[in-house]
Amino acid sequence: MSLLTSLARLRALDEGIAQPVATVRHCHLSARPMVFIPLKLSGEAAAPLAAMLGTDRDRPRLLVVTQPRNRDLRFAWAADLAGELLPYVESFLNDTETVERRNADPYERALDAPQLLVPNPAGVAFTRLLGRSTRFRSTEGPYPVPEGVPLLGRWLTYLGERAAYPGSSLMLAATEELGRHWASGQSSLEDANLAALLAWITTGPSDEAEDPLIWPPAGPATDPGFDAEVLAPAIESESAERITEALRTQLEPTWRLMWQAIDLLAALPEGASVAQRWEQDRGSFSGMAVHIAEGAPPQPRRDGAVTAAAKLARMERAQAGYDVQRAYDDPLVMAEYRLTGEAFAGEVVETVPDNTEGEGRSRKLRPLVVIKTDDPVYLAPGTSLGTPQRRGQGAELVEAGEGLVTLKITKGMGRGRTAAPGAVPELGERVCYTSLTDDFQGSPALPEAEATPWTHGGPPQEQQQGYVPDDEDAQEDWS
């Protein structure tokens with residue numbers, strides 16, 4: 001937790017209301033999100049109990065497994081879930097655009113993409129488990145499952161994995177996104193309670209928000225009291241109507257909370273970099289759709305050494321880029337780096353726009369800017385700098401001391417012998433510079449999967465010629 005967030009939590013506790021820790025929204029919000037609230041049976045890893053989902057806040061769809069330990073009923077429930085989710089996902093594949101790429105063939109990218117919203121990170125984890133439990137299943141042979149179930153598993157696995165990708169908005173957990181934008185006066189563990197967190201943001205802490213009789217848990221686990229006093233007797237009665245109504249009482253309050261969370265986030269202006277990250281999401285979604293259309297096998301149980309290394313490198317790079325983009329988009333986020341000395345803000349007191357370095361043909365334009373700042377500056381001379389006010393411009397720290405910082409602009413000034421208009425800050429202008437930049441080193445070259453040494457397990461089974469997923473691939477399923 002950063003110092004600024006800690007201070008915001010203390011202030012929230014003192015004032016009795018959550019404090020904003022962001023001035024803009026750092027995630028994309030779809031115009032047609034799919035809200036998905038799953039419940040699972042207590043004591044079972046992947047036994048679904050019910051789900052409430054839909055894209056219309058006034059018309060939720062409730063899916064219930066009336067006998068959760070019955071395998072056939074569980075897969076029938078999964079088929080119903082596929083009937084709701086797959087048409088939603090596939091509706092985004094009709095409208096595409098051609099994207100040209102340097103040194104690569106163009107490709108078709110969907111103009112929009114699906115967005116799955118769940119209440120909390122536990123909902124994301126359960127979604128991934130549902131995907132694992134269904135994507136390897138077959139619609140033929142022994143123990144067949146209804147049509148659409150394996151495809152549903154592949155999309156749930158994809159969305160669940162994408163939720164862990166920094167900056168992605170294809171699948172969001174409401175408590176996580178709210179926590180990125182507001183700091184409550186309670187612990188991070190307590191923030192996992194959607195009702196309690198929303199109460200802090202809207203009206204202040206409330207005992208009612210933590211009462212499971214008024215606001216049941218947002219899933220996927222249910223309240224033990226409800227399990228013992230309501231659900232167990234309903235299941236023993238074998239009354240489908242009684243079970244359905246009992247589960248409806250657990251899901252409808254969370255359904256209302258989810259749309260309240262969406263409204264709160266939608267009220268914030270979108271950050272400048274959100275659209276760029278959503279383009280990456282759309283490209284990833286389009287790639288997954290092509291992967292499925294070409295008949296590729298389901299995602300493997302475990303990644304091979306090369307795939308895992310490449311995935312880790314991509315996620316590390318995405319995390320670094322996400323941190324930089326959030327800071328550039330949001331002065332409140334940048335303030336955290338100003339406190340640590342990685343950024344500084346101040347007023348321009350002097351400029352030398354025609355300063356040059358070198359002689360003859362090697363002469364280069366390097367305007368100098370002197371900034372008066374009250375921020376601590378712990379950066380060493382020669383440090384590369386960027387600025388949110390002029391994205392794409394580069395600078396270098398020359399010296400810092402006694403509240404004055406001198407830097408020279410190294411790129412982003414135009415191609416002429418003089419700086420382009422507006423490239424050099426003007427006297428009296430308020431500016432911010434930081435060592436956070438998105439100039440990251442590329443990933444190292446990795447060997448082909450077939451060349452993976454035996455010390456790393458060799459090529460995974462899923463990549464061996466002739467491999468066909470079988471029932472062993474779903475060991476942690478509903479069997």
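By convention here, each chain's residues receive numbers from 1 onward along its written sequence. For a predicted model such as this one, the threshold for reporting local features is a pLDDT of at least 70, and the threshold for listing and counting side-chain atom pairs is 80 or more; totals across whole chains, interfaces and linings nevertheless cover every residue. Values reported for side chains reflect all heavy atoms of the structure, with hydrogen atoms and water molecules removed beforehand.

**Structural notes on the overall build of the protein chain**
Phase 1: When helices and strands are tallied, the protein chain shows 11 helices and 17 strands.
Phase 2: Over its C-alpha atoms, taken along the principal directions, the protein chain stretches across nearly 85 × 60 × 45 Å.
Phase 3: The classification of residues rests on relative accessible area computed with a 1.4 Å probe and restricted to protein chains. Under 20% of the type maximum is buried, over 50% is exposed, and intermediate values are partly exposed. A buried classification covers 46% of the 479 residues belonging to the protein chain.
Phase 4: Counting only carbon and sulfur atoms, one obtains 50% of the accessible surface of the protein chain, whose full area is about 24100 Å².
Phase 5: Asp and Glu are treated as the negative residues and Lys and Arg as the positive ones, with His and the ends of the chain left uncounted. Charge positions are represented by NZ for Lys, CZ for Arg, CG for Asp and CD for Glu. Across the protein chain, the centroid of the 45 positively charged side chains sits 6 Å from that of the 69 negatively charged ones. Per the convention used, a helix needs a DSSP run of H or I reaching at least four residues, while a strand needs a run of E reaching at least two, with both numbered from the N terminus. Per-residue accessibility takes into account occlusion by the displayed protein chains alone, with areas from the Shrake-Rupley method and a 1.4 Å probe.

**Points about the nonpolar core**
Phase 1: Each nonpolar core is a collection of buried residues, namely Ala, Val, Leu, Ile, Met, Phe, Trp, Tyr and Cys, held together in the definition by side-chain atoms within 4.5 Å. By size, the foremost hydrophobic cluster in this structure holds 43 residues, and its most contacted members are Val35, Leu178, Trp182, Leu194, Leu247, Leu251 and Met258.
Phase 2: Put simply, the parts of the chain that give this core at least two residues each are strand S2 (34–40), strand S3 (48–54), helix H5 (174–181), helix H6 (194–202), helix H7 (224–237) and helix H8 (240–266).
Phase 3: With 11 residues, the top contributor of residues to this core is H8.
Phase 4: Beyond its immediate stretch of four places on either side in the chain, Leu247 contacts Leu39, Leu49, Ala50, Val64, Phe226 and Leu231. The contact criterion used is simple: two residues touch if any of their non-hydrogen atoms lie within 4.5 Å.

**Some points on the sheet that holds strand S7 (residues 116–118)**
Phase 1: Should DSSP find at least two bridges between two strands, the strands are regarded as paired. The mixed open sheet is built from 5 strands, whose spatial order is S4-S3-S2-S7-S8. Of all the strands in the sheet, the pair left with one neighbour each is strand S4 (61–64) and strand S8 (171–173). Averaged over all pairs of adjacent strands, the angle between strand axes in this sheet comes to 20°, irrespective of strand direction.
Phase 2: As judged from the 4 bridges shared by S3 and S4, these two strands associate in the antiparallel manner. If you follow Ala51 over to S4, its bridge partner there is Leu63.
Phase 3: Helix-sheet contacts for helix H2 (residues 71–90) involve S2, S3, S4 and S7, and the interaxial angle to S3 is about 20°. Here the axes come from fitting lines to C-alpha atoms, over the contacting stretch only for helices, and the angles between their N-to-C directions go from 0 to 180 degrees.

**Some details on empty space enclosed by the protein**
Phase 1: Note on definitions: the grid is 1 Å and covers protein atoms alone; a cavity is a set of points where a 1.4 Å probe fits but cannot get out; a pocket is an open set with protein on both sides within 12 Å along at least five of seven lines; lining residues have an atom within 4 Å of a point. Grid points are joined across faces, edges and corners, and a volume is the space filled by probe spheres set on the points. In total, this model carries 2 cavities of 30 Å³ or more according to the counting rule given.
Phase 2: One number sums up the size of the largest cavity: a volume of about 80 Å³.
Phase 3: If you go around the largest cavity, the residues you meet are Leu29, Leu117, Val118, Leu172, Ala173, Ala174, Glu177, Met258, Ala261, Ile262 and Leu265.
Phase 4: Elements that contribute at least two residues to the lining of the largest cavity include exactly S7, S8, H5 and H8.
Phase 5: Taken together, the residues of the lining of the largest cavity sort by class into 10 nonpolar, no polar and 1 charged.
Phase 6: Roughly 30 Å³ of volume is contained in the second largest cavity.
Phase 7: If you go around the second largest cavity, the residues you meet are Leu85, Leu86, Val89, Leu152, Trp155, Leu156 and Leu159.
Phase 8: The element that contributes the greatest number of residues to the lining of the second largest cavity is helix H4 (residues 149–162), accounting for 4 residues.
Phase 9: Following the grouping adopted for this structure description, the nonpolar residues are Ala, Val, Leu, Ile, Met, Phe, Trp, Tyr, Cys and Pro, the charged ones are Asp, Glu, Lys and Arg, and the polar ones are all others, Gly among them. Taken together, the residues of the lining of the second largest cavity sort by class into 7 nonpolar, no polar and no charged.

**What to know about a negative patch on the surface**
Phase 1: For patch building, the residue pool is restricted to those with more than 30% relative accessible area and no salt bridge; the joining distance is 9 Å between like charges and 5 Å between nonpolar side chains (Val, Leu, Ile, Met, Phe, Trp, Tyr). Should a side-chain nitrogen of Lys or Arg be within 4 Å of a carboxyl oxygen of Asp or Glu, the pair is scored as a salt bridge. Among the surface-exposed residues, Glu190, Asp207, Glu208 and Glu210 lie close enough to one another that they form a single negatively charged patch.
Phase 2: Within the secondary structure, Glu208 is located in the loop between H6 and H7.
Phase 3: Accessibility expressed as a relative area gives 51% for Glu208, which makes it exposed.

**Here we look at the sheet that holds strand S10 (residues 343–352)**
Phase 1: Taking strand neighbours across the sheet as the criterion, the 6 strands line up as S14-S15-S16-S13-S10-S17 in an open arrangement whose pairing is antiparallel. Strands at the two margins of the open sheet, each flanked by one partner only, are strand S14 (384–385) and strand S17 (430–434).
Phase 2: Strand direction decides the pairing type here: S10 and strand S13 (residues 368–373), joined by 6 bridges, are antiparallel. Along S13, the bridge assignment pairs Glu350 with Val370.

**Here we look at the confidence of the model for the protein chain**
Phase 1: Per-residue confidence from the predictor is reported as pLDDT, a score between 0 and 100. Overall, the prediction assigns the protein chain a mean pLDDT of 89, with 92% of residues at 70 or greater.
Phase 2: Residue range residues 464–468 is modelled with pLDDT below 50. Its contacts to residues more than four positions away, or to other chains, number 4 contacts.
Phase 3: Across residues 470–476, confidence stays below pLDDT 50; counting only partners more than four residues off in sequence or on other chains, it has 15 contacts.

**Focus on the pairing of S10**
Phase 1: Of the pairings in the sheet, the one linking S10 to S17 comprises 5 bridges and is antiparallel in character. Across the sheet, Ala345 pairs through a bridge with Cys432, a residue of S17.

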